[in-house]
Amino acid sequence: MNQKRDRYLHQFITEDLDKKMVFLGGPRQVGKTTLSHMISTEYIHSAYLNWDNRDHKKNIIDMQWNPEAEIIIFDEVHKYPLWKSHIKGIWDTRQHNEKIIITGSARLDIFRRGGDSLLGRYHYYRLHPFSVAEINNRQYQVSEFPDKPFTLSFNKKGNHLEALLQFGGFPEPFLAGDIRNHHRWCNERFERIFREDIRDVENIRSFSKIELLGHLIINRVGSPLSLSSLTTDVEVSIPTVKAWLELLCRNYYLFKIPPYHKRLERSLKKDAKYYLWDWSEINDEGIRFEN
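Residues numbered from 1 in each chain as written. Predicted model: local features only at pLDDT ≥ 70, side-chain atom pairs only at ≥ 80, totals over all residues. Heavy atoms only, no water.

So, the sheet that holds strand 2 (residues 46–50)
One open sheet accounts for five strands, arranged 2-3-4-1-5; its pairing is parallel. Looking at the sheet topology across the chains shown, the edges are occupied by strand 2 and strand 5 (122–126). Across the sheet, the axes of successive neighbouring strands diverge by a mean angle of 15 degrees, strand direction being ignored. Of the strand pairs in this sheet, strand 1 (residues 21–25) and strand 4 (residues 99–103) are connected by three bridges, and their pairing is parallel. Considered in strand 4, the bridge of Val22 is made with Ile101. Packing against the sheet, helix 2 (residues 32–40) makes contact with strand 1, strand 2, strand 3 (71–75) and strand 4, and its axis sits at approximately 170 degrees to strand 3. (Pairing = 2+ DSSP bridges. Helix = DSSP H or I, 4+ residues; strand = E, 2+ residues; numbered from the N terminus. Axes fitted to C-alpha atoms, helices over the stretch in contact; angles between N-to-C directions. Contact = heavy atoms within 4.5 Å.)

Encoded structure:
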């Protein structure tokens, strides 16, 4: 089961690269770099530059790479403080209509919103974990949704639903299909989100309390969230809990589903539900399936 799989965004990104840059965001380890490399194989010459590599960093600043490259992939370049103006200059002075993909996790999604120096020059995509539809090679055709409801068969043998429920939808643990590897991957992902991603973009002292909130929220998935209960457990104020929940959403640990009501004011008063990007952390099978 350990193999690369094509992703549902492949075709859409390829089409958009003929017109603009493509920003590819999403959670850590969801397959952004792998998908970018798969797209680059469609071209004879390509260039891959990762800001975390010291040699690549120098090449990015000096704008030195294979001059024959038809597609250039910039990975984690948003860590460079002047990345927007730098990428704008690269895009506006292209000599041979090179295609450009820029990948990054939470910080790319956050930093791209500040300022408008790149406005009109890129399309943004968010890559999600594997779903039942994608694993079953269901074709994503936007035009069919208004006329034909999206349906899935959970009784069909080989639809990989059980594997998705057990290992989650992130490519590495799902494709490995190994319980020991899965537990280790979950622990490492939790540490990277809370001790690297959040620390890099937020000036927060109480990281231990944010980690506690992350652990507590697992048992509250699928139910309307009581902020007062969380404030008691974490020992912080309600505004702080709200701010930290939004922080966890921005860093792809949680996502929020607001309640639906015909009257907007009533929906705003009701508590929202929160879910995990990695549903495999949830112990209750019913809640995990709902997630």
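Re the pairing of strand 4
Counting buried positions along strand 4 yields five of five residues, so the element is predominantly enclosed. The alternating pattern of strand 4 places Lys99, Ile101 and Thr103 and Ile100 and Ile102 on opposite faces, both of which are buried. Bridging between strand 3 and strand 4 involves five bridges; their strand directions are parallel. The residue of strand 4 that forms the bridge with Ile71 is Lys99. Handedness of the β-α-β unit built from strand 3, helix 4 (residues 83–92) and strand 4 comes out right-handed. (Buried < 20%, exposed > 50% of the residue type's maximum accessible area, 1.4 Å probe, protein only. Right-handed = clockwise from strand over helix to strand, strands pointing away.)

Some remarks on the environment of Glu191
Take Glu191: it is sitting in helix 9 (residues 179–201). Sequence separation between Glu191 and Glu211 is 20 residues, and the spatial gap between their C-alpha atoms is 8.9 Å.

Looking at helix 4
Where helix 4 is concerned, the buried positions are Trp83, Lys84, His86, Ile87, Ile90 and Trp91. Down the axis of helix 4, the sector holding all buried residues measures 165 degrees, keeping them to one side. (Arc of directions from axis to C-beta.)

Focus on the nonpolar core
If you look at the biggest cluster of nonpolar residues, it comprises 42 residues, and the most contacted ones within it are Ile13, Met21, Phe23, Phe74, Ile87 and Ile102. Those residues in contact with Met21, other than ones at most four positions away along the chain, are Ile87, Trp91, Ile100, Ile102, Leu118, Arg121, Tyr122 and His123. Counting residues in hydrophobic clusters, the runner-up holds 40 residues, among them Ala163, Ile204, Tyr253 and Tyr274. (Core = buried A, V, L, I, M, F, W, Y, C linked by side-chain atoms within 4.5 Å.)

Let's talk about the side chain of His10
Inspection of the secondary structure puts His10 in helix 1 (residues 10–16). Within the local environment of His10, its side chain forms a polar contact with the side chain of Asp6, the two groups lying 2.7 Å apart. Those residues in contact with His10, other than ones at most four positions away along the chain, are Leu35, Met38, Ile39 and Glu42. (Polar contact = N/O pair within 3.5 Å; in protein donor to acceptor, adjacent residues only side chain to side chain.)

Here we look at the packing of aromatic side chains
The tally for this structure, following the rule as stated, stands at 12 aromatic pairs. Aromatic pair Phe170 and Trp185: ring centres 5.1 Å apart, planes at 45 degrees, arrangement tilted. With Phe170 in the loop between helix 7 (161–167) and helix 8 (171–176) and Trp185 in helix 9, this pair connects stretches of sequence that are 15 residues apart. Considered together, Phe170 and Trp185 belong to a single accessibility category, that of buried residues. Centre to centre, the rings of Phe190 and Tyr253 are 5.9 Å apart; their planes meet at 80 degrees, and the pair counts as edge-to-face. Residue Phe190 is located in helix 9, and its partner Tyr253 is located in the loop between helix 12 (238–250) and strand 6 (254–257); the two are separated by 63 residues in the primary sequence. The exposure class of Tyr253 is buried, given its relative accessible area of 1%. Members of the aromatic cluster, connected to one another through ring pairs, are Tyr252, Phe255, Tyr275 and Trp277. Here the guanidinium or amino end of Arg94 rests over the ring plane of Trp91, the centre of that ring lying 3.5 Å away. (Phe/Tyr/Trp six-rings, centres within 6.5 Å; stacked < 30°, edge-to-face > 60°. Lys NZ or Arg CZ within 6 Å of the ring centre and 35° of its normal.)

Some points on the pattern of salt bridges
What the rule picks out here adds up to 14 salt bridges. With its nearest N and O atoms 3.8 Å apart, the salt bridge here joins Arg189 to Glu281. Residue Arg189 is located in helix 9, and its partner Glu281 is located in the loop between strand 7 (273–276) and helix 14 (285–290); the two are separated by 92 residues in the primary sequence. For Glu281, a relative accessible area of 18% corresponds to the buried category. (Salt bridge = Lys/Arg side-chain N within 4 Å of Asp/Glu carboxyl O.)

A short note on the packing of helix 10 (residues 207–218) against helix 11 (residues 227–234)
Contact geometry for helix 10 and helix 11: axes closest at 10 Å, N-to-C directions at 130 degrees. Considering their axes alone, helix 10 and helix 11 lie oblique with respect to each other. Crossing geometry of helix 10 relative to helix 11 is assigned as right-handed. Where helix 10 abuts helix 11, its residues Lys209, Leu212, Leu213, Leu216 and Ile217 lie against Leu230, Asp233 and Val234. Classifying every residue of the contact of helix 10 with helix 11 gives six nonpolar, no polar and two charged. (Parallel < 35°, antiparallel > 145°, perpendicular 65-115°, else oblique. Left-handed = near helix turned anticlockwise from the far one by under 90°. Nonpolar A, V, L, I, M, F, W, Y, C, P; charged D, E, K, R; others polar.)

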